[in-house]
Amino acid sequence: MRLSQVVRPGTGQFICESGALAFLDEKLSLFKAPVVITGEKSYQAFMKHYPGEQNFPVFRYDGTASNEDMARLASQLPAETDCVLGIGGGTVLDTAKGTADVLGVDVITIPTVLGTCAAYTPLSAVYHPDHTFKTVDYYERAVHLCLMDLNLLAESPKQYLLGGIGDTLAKWYEAKGITEHVEGDLPVMAEVGIQTAKVTQEVLLRDTKEAIASLERKEVTSAFKRVAEVIVAVAGTVGGFAGEYGRMAGAHAVHNGMSLLEEAHAFEHGVKVAFGVLVQLVASNKMADVTVLLPFYQANGFPHKLSAFNVTQDLETKIHQVAEFAASKQETFNLALPGVTSEQVVAAMNYLETL
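Residues numbered from 1 in each chain as written. Predicted model: local features only at pLDDT ≥ 70, side-chain atom pairs only at ≥ 80, totals over all residues. Heavy atoms only, no water.

J.: What exactly am I supposed to notice about the overall build of the protein here?
T.: Within the protein, the regular secondary structure consists of 14 helices and eight strands. Expressed as a percentage of the 355 residues in the protein, the buried residues total 54%. Taking as baseline every contact in the protein between residues at least 6 positions apart, the subset at least 24 positions apart corresponds to 75%. For the protein, the accessible area works out to roughly 15,100 Å², and carbon and sulfur atoms hold 51% of it. Where the 27 positive side-chain charges of the protein centre and where its 41 negative ones centre are 3 Å apart. (Helix = DSSP H or I, 4+ residues; strand = E, 2+ residues; numbered from the N terminus. Buried < 20%, exposed > 50% of the residue type's maximum accessible area, 1.4 Å probe, protein only. Contact = heavy atoms within 4.5 Å. Areas by Shrake-Rupley, 256 points an atom, 1.4 Å probe, with all protein chains shown as cover. Lys, Arg positive; Asp, Glu negative; His and termini not counted. Charge placed at Lys NZ, Arg CZ, Asp CG, Glu CD.)

As structure tokens, this is what we get:
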């Protein structure tokens, strides 16, 4: 298996602390005409905590993270724009990065939720205008600055934090599953990425419970800060260094299969990915890992079986539906378990139903 290896370490600068928005005006002094791309709630959360004096031109994204919306925004921004300031969740930030790429200018990201590592990575998950997935676009220019204000993030919705934790937890298990089947030595940068993925797993297993409790109290604690940094910066670094050795595998294939079930749509992406981690581990006979993770899932409110995703009717049929999609040739389960069959995935999902 020959894999290309482009290393994308992360942002040019990263600041994560309470009151971090106090640094924004200073950091913007390099630019003459910054503009904001954001959403309604995101911008309200930002303005509550922004102590500076800049009066930004504000442009709203259309919710799609589509190439069409990026082109629309690029055509509407002032001609003198030299920096795009993305403020919001992953879809907003991906839109801001794509718009900045169209213009060939720098981008600064300010995440307002902890659902993804989008604030850190030089890429965008791009969708069609009808919200269906299109592709992942990689950019030549890294994010100039990722600015995370923990006071703002401690007031963000809990469901995004749970999704971010679940999606980040998969980094280690999917990367480990992939690299177990690679012949020969890994590139040293890929080894850095894999070891970084291990850091995400260790921090999350140790600090998640306190981080969730901190968010519920709207309080910034050291555990909350560590989990926030892991979800955004450390997780973004995993893919940047590991490249194709740290890509999606069985857990995300299960998530993609679950997209066929309307009942599961109400759950965050990362919560479904977390369930997919268990399916991948059981199918791969990694039962020691399952034994470690189950108490973690139960303590922190992560579903560990399909029926817990509001799938109450025709359960067995829907298990087969998810499994057939996840094990199909166009999906990524086979990276963690080469030659995987839908029967193996069905057996893993049925096993989890009995726990």
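J.: In this structure, what is going on with the sheet that holds strand 3 (residues 58-60)? I would like to understand it.
T.: The strand order across the open sheet built from six strands is 1-8-5-4-2-3, with neighbouring strands paired in parallel fashion. Of all strands in the sheet, those bounded by a partner on one side alone are strand 1 (13-17) and strand 3. Along the sheet, successive strands turn relative to each other by an average axial angle of 20°, direction set aside. With three bridges joining them, strand 2 (residues 34-38) and strand 3 adopt parallel strand pairing. Each bridged residue has a counterpart across the sheet, and for Thr38 the counterpart in strand 3 is Arg60. In the packing of helix 2 (residues 40-49) onto the sheet, the strands contacted are strand 2, strand 3, strand 4 (83-88), strand 5 (106-111) and strand 8 (145-149), and the crossing angle to strand 4 comes to about 100°. Of the strands in this sheet, strand 1 and strand 8 touch helix 8 (residues 222-242), which is tilted by about 155° from strand 1. (Pairing = 2+ DSSP bridges. Axes fitted to C-alpha atoms, helices over the stretch in contact; angles between N-to-C directions.)

J.: Teacher, can you tell me more about a nonpolar patch on the surface here?
T.: Together, Val7, Val188, Met189 and Val192 make up a nonpolar patch on the protein surface, roughly 300 Å² of accessible area in all. Among the secondary structure elements, Val188 is positioned in helix 7 (residues 188-217). Relative accessible area serves as the criterion here: at 59%, Val188 is assigned to the exposed category. (Patch = residues over 30% accessible without salt bridge, like charges linked within 9 Å, V, L, I, M, F, W, Y side chains within 5 Å. Salt bridge = Lys/Arg side-chain N within 4 Å of Asp/Glu carboxyl O.)

J.: Is there a simple way to explain empty space enclosed by the protein in this structure?
T.: Any empty space left between the atoms is revealed when a probe the size of a water molecule rolls over them. If you walk through the whole model with that rule in mind, you get four cavities of 30 Å³ or more. By volume, the largest cavity amounts to about 90 Å³. Taken together, Lys97, Ala100, Asp101, Val105, Val107, Thr121, Pro122, Tyr139, Arg141, Ala142 and Val143 form the lining of the largest cavity. In terms of residue count, the dominant contributor to the lining of the largest cavity is helix 4 (residues 90-103) (three residues). Counted as a void, the second largest cavity has a volume near 60 Å³. Lining the second largest cavity are Tyr173, Lys176, Gly177, Glu180, Gln280, Leu281, Ser284, Lys286, Asp289 and Ala336. Of all the secondary-structure elements, those providing two or more residues to the lining of the second largest cavity are helix 6 (158-179) and helix 10 (269-283). Taken together, the residues that form the lining of the second largest cavity break down as three nonpolar, three polar and four charged. (1 Å grid on protein atoms, 1.4 Å probe; cavity = no way out; pocket = protein on both sides within 12 Å on 5 of 7 lines; lining within 4 Å. Points joined across faces, edges and corners; volume = space filled by probe spheres on them. Nonpolar A, V, L, I, M, F, W, Y, C, P; charged D, E, K, R; others polar.)

J.: Please explain the pairing of strand 5 as it appears in this structure.
T.: In regular strands, side chains alternate between the two faces of the sheet. Of all six residues in strand 5, six are buried; the element is thus mostly enclosed. Burial of the side chains of strand 5 extends over both faces: Asp106, Ile108 and Ile110 are buried on one face and Val107, Thr109 and Pro111 on the other. Direction of pairing for strand 4 relative to strand 5: parallel, over a ladder of six bridges. Following the sheet pairing, Ile87 is matched in strand 5 by Ile110. Of the pairings in the sheet, the one linking strand 5 to strand 8 comprises two bridges and is parallel in character. Its bridge partner being in strand 8, Thr109 is matched across the sheet by Cys146.

J.: Would you mind showing me how to read the packing of aromatic side chains here?
T.: One pair of aromatic rings is described through two measures. These are the centre distance and the angle between the planes. Taken as a whole and judged by the stated rule, the model has 10 aromatic pairs. Seen from their ring centres, Phe14 and Tyr120 are 5.7 Å apart, and the 85° between their planes marks the pair as edge-to-face. In this pair, Phe14 sits in strand 1 while Tyr120 sits in the loop between strand 5 and strand 6 (123-127), placing the two residues 106 residues apart along the sequence. With 5.5 Å between their ring centres and 55° between their planes, Phe275 and Phe309 make a pair best called tilted. (Phe/Tyr/Trp six-rings, centres within 6.5 Å; stacked < 30°, edge-to-face > 60°.)

J.: Looking at this structure, how should I read the side chain of Thr208?
T.: Tracing the backbone through its elements, the reader meets Thr208 in helix 7. With near-sequence residues (within four places) excluded, Thr208 lies in contact with Ile165, Val203, Val227, Phe296 and Asn300.

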